[in-house]
Amino acid sequence: MTSERHTRVKEIFLRACRLPADERPALVMSECAGDEEMQSEVLSLLEFHPTGSEEAEAVDDGLPALEDTVPQRIGNYRVLQRLGEGGMGIVFEAEQETPVRRRVALKLVKWGMDTKEVLGRFESERQALALMDHPSIAKVYEAGATTQGRPYFAMEYVKGVPITEYCDTNCLGIGERLGLFMQTCAGVQHAHQNGIIHRDIKPSNIIITLRDSKPVPKIIDFGVAKATAQKLTERTIFTQLGQWIGTPEYMSPEQAQMTGLDVDTRTDVYSLGVLLYELLTGVVPFDAKEPLASGFDEMRRRIREEEPVRASTRVSRLSTGTDVIARRRRIDQRGLVRLLSGDLDWITMKALEKDRTRRYGAPSELVADLERFLRHEPVLASPPSASYRVRKFVRRHRVGVVAGVVVFFALVGGITGTTIGLRRARQQAQASRQTADFLVDMFQAMEPGSTLGPTYSPQSILDRGVERVRSELGDQPLVQARVMAAMGQVYMSLGYYAKARPLLEEALTMMQENHGRENLDVAKTLTSLGWVCCLTAEYSSGREMLERALNIQAKTLGPEHPSLAGPLTRLGWLYWKIGDYDSSFRDLDRALSIQDKVKDPEPEVLTDTYLTKGVVLRQVGRLDEARAIEEKALSILERVYGPTHSSMGMAHFELGATLYWLGQHDAARSHFKRSISIWQSTLGPDHVYLAFPLTGLGVVQVLAGEYQEARGFLERALTLRERALGPDHPDLAWTLSALAFLYRRTGDFDAARSLLDRGIAIKERAFGEEHIEVARSLRDFGVLCIETGDYAKAGDYLERSLAIHLQILGPRHLETNHIRQKLACVQALLGRKAQALSLIREAIQSGLPVQSLWGDSECTGLKGDPEYEALLAEAKLARAQKTISK
């Protein structure tokens, strides 16, 4: 019920109360003017209203006519005075006489506000307070209901004033204000740990009271608290779509969405940021009066979209009252601006981030940064990068190139620090400004009414940009080269590899003409170009470019500079792809060693190294190590970027793949689905990256017998890869193999054979005949031949596969032993018992999990054989003894 509607209901109700009972319905029908819902509301209230004056005088806690007066008693409490009124309830100061005598704050739901929703919220507040025990949260003593069913509860009576008023009245310095603020944060953190979000943090809900002559903050009014961890009440509490919950000046952007779907503990962090801003500057980031005059939609837009001015800037710009504000903080205006500039600005702005994934994750993190500031230590908060500001600009106006915009300014920023000489630095700075101006001008094309029209795609925007680069920047080769490199990087990040490569090659040529071959800009472009070559399976060219980029950076910056971690990780990935695992581990370990020496390594580079090493560990059978390092990467990414960042997509996929090989298929399925969800929302439904988790999920579904669903996912994955990579890229072979697995399970052996034929041809063209990926396809062919009864051909395929596995992965690798097992089954089916037993013995001695042997239905030729049964019995005994020893 809106406040205007509630007021109207109350007016009609009070007028009807003055009439005899038989005249009331006619008045209600007349005043409600056909509004049946309002009519029903008023009539339901009248049912509980006494009709005689004696009865009216006897009721002390429920009469609407007495709503603006103070009742003598409410329940077992003697009412002393009215303290205030909120959206749902009235608060009185009251006295409890038994079993203990004490003052309490007694909150009573308003008459006419006792709808199911309001009662649910009121009951929620009672339960929320009952869960908590913290010195900065007002305690709840008792809950009850009046004789007319209006709920109330008695809580700790907090005598004091709002935190901002206390600080200003007592002229507290910035350090003292921060002390009270951090105590408040501790109380909110306690609420969060008990699964409660306050959702209405503001000065009037944080009362400063004195305890032993020391100020202590007390958080009150959990009336709009949201339960995050458990059901607080028997009633179901809904936040209706479009309902305004909270106080506009202190409301987070996700609250302003008015859906409730994205509200979590970071909502309170935002409100705490507003409170901190006000404690520091004397004003809130946004004054609600002016936007509210234009309507709620304008206020919501401003909360969601407009960036607040930094605290120091706000103080410096205040036209009136600045001296008073500074004096109340025991400092002059200039001193206050200096004090706020830097760390306090960035701490406040981090708490006020519109993007909640970039806010502090909890009040405790905000407190930790404030403590670092007070100890004069480096804080975690920092000014947002140029790339982040540009991304937010694009997001406000259009959402098309979110995945790529980050890269633009990342490539054009930070250049002047590496130049030598004043003249060179000026040239670089001018080129950077011109590059930035050109890119920002490009973004204007995404505004409504631009020449691109109302519909466009990221590719169309980039294509138009390339035309402009060629036509408008011909006389500025350095700027042209940088823009081309940036746009090539964006094409690559969106999966348009064929368009990325020529741009990067052209940019590289121009940079080498302007800078020479040993320049850092050249090295960055070489890294991008080398990575495109890797992604398009041109591994020889990719290796050459990545190694050249690495050498330039090592020579210019030193062999241990953090910038080397990126190309080293790319090289580690390349060596894994071509089957050189020793070289892969060498480069990945070097990348990790470099980053271990840096106090705050770049999270995306570090986690990229972790995930790449996890892939290689998985390939060589070190599954527990792979899982540990992938879980570490996932934890870092979630802490730094939040659970929905695009980088989380790859982390979930890689962890899911390792869990699959560990046999934890349900857990793998969950991670694959999470990866798909993240990438679809951040990169779009047609990005080639989606093929990874789609294929993984398809395989898990095949194993679960969900063939129809699996086919849909696998065919979609194949389409995405063919569209982005062409028909002959080796990455297609993985999905082709998965589809062949599906067809084998459903008995369509001809379709499976056709897919495997295509896959092995692709792999042999890309890697040669002795590559581990070729060996895996040979294994799949061998299994298919077993299933079709062609045991001789199965033996040929499996023997070729085993030879390559022994050469590359070694005799103790899990894959090697599984092929030994399959080959042993084939030898048994062909009547070659001695060879079969020899292979099984080698597999067991090399570490094959023996439980897989006695469940293998393909070794029918050995079942019942005394030697085979003796071998199984020996293996079972060894396994049992090993288990006991553990």
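See above for the structure.
Residues numbered from 1 in each chain as written. Predicted model: local features only at pLDDT ≥ 70, side-chain atom pairs only at ≥ 80, totals over all residues. Heavy atoms only, no water.

Draft legend 1. Geometry of the overall build of the protein chain. Broken down by element type, the protein chain carries 39 helices and 11 strands. Expressed as a percentage of its 886 residues, the buried residues of the protein chain come to 52%. When the accessible surface of the protein chain is split by element, carbon and sulfur atoms take 50% of a total near 39800 Å². (Helix = DSSP H or I, 4+ residues; strand = E, 2+ residues; numbered from the N terminus. Buried < 20%, exposed > 50% of the residue type's maximum accessible area, 1.4 Å probe, protein only. Areas by Shrake-Rupley, 256 points an atom, 1.4 Å probe, with all protein chains shown as cover.)

Draft legend 2. Summary view of the pairing of strand E2 (residues 77-85). Pairing between strand E1 (residues 73-74) and E2: two bridges, direction antiparallel. Pairing of Arg 73 across the sheet is with Arg 78, part of E2. Between the end of E1 and the start of E2, which pair antiparallel, lie two residues, with Gly 75 showing a positive phi angle near 60 degrees. With seven bridges joining them, E2 and strand E3 (residues 89-96) adopt antiparallel strand pairing. Note that in E3 the partner of Arg 78 across the bridge is Glu 95. (Pairing = 2+ DSSP bridges.)

Draft legend 3. Up close: helix H2 (residues 24-32). Restricting attention to buried positions, one finds in H2 the residues Arg 24, Leu 27, Val 28 and Cys 32. Looking straight down H2, one finds that the buried residues subtend no more than 115 degrees of arc, so they occupy a single side. Opposite its buried face, H2 presents the exposed residues Ala 26, Met 29 and Ser 30, each directed more than 90 degrees away. Count one or two residues on from H2 and you reach Ala 33, which has phi positive near 50 degrees. (Arc of directions from axis to C-beta.)

Draft legend 4. Here's a closer look at the pattern of salt bridges. A full pass over the atoms with the stated rule returns 44 salt bridges. The partner of Arg 356 in a salt bridge is Asp 264, and the shortest N-O contact between them spans 2.6 Å. Here Arg 356, found in the loop between helix H15 (343-351) and helix H16 (363-374), pairs with Asp 264, found in the loop between helix H8 (253-256) and helix H9 (265-281); they are 92 residues apart in sequence, far enough to count as distant. For Arg 356, a relative accessible area of 21% corresponds to the partly exposed category. (Salt bridge = Lys/Arg side-chain N within 4 Å of Asp/Glu carboxyl O.)

Draft legend 5. A look at unusual backbone geometry. The backbone of Cys 171 shows a phi angle near 50 degrees, a positive value even though the residue is not glycine. With respect to the helices and strands, Cys 171 occurs in the loop between helix H6 (163-169) and helix H7 (174-193). At Arg 199, a position not held by glycine, the phi torsion is positive, near 75 degrees. Relative to the helices and strands, Arg 199 is located in the loop between strand E8 (196-197) and strand E9 (206-211).

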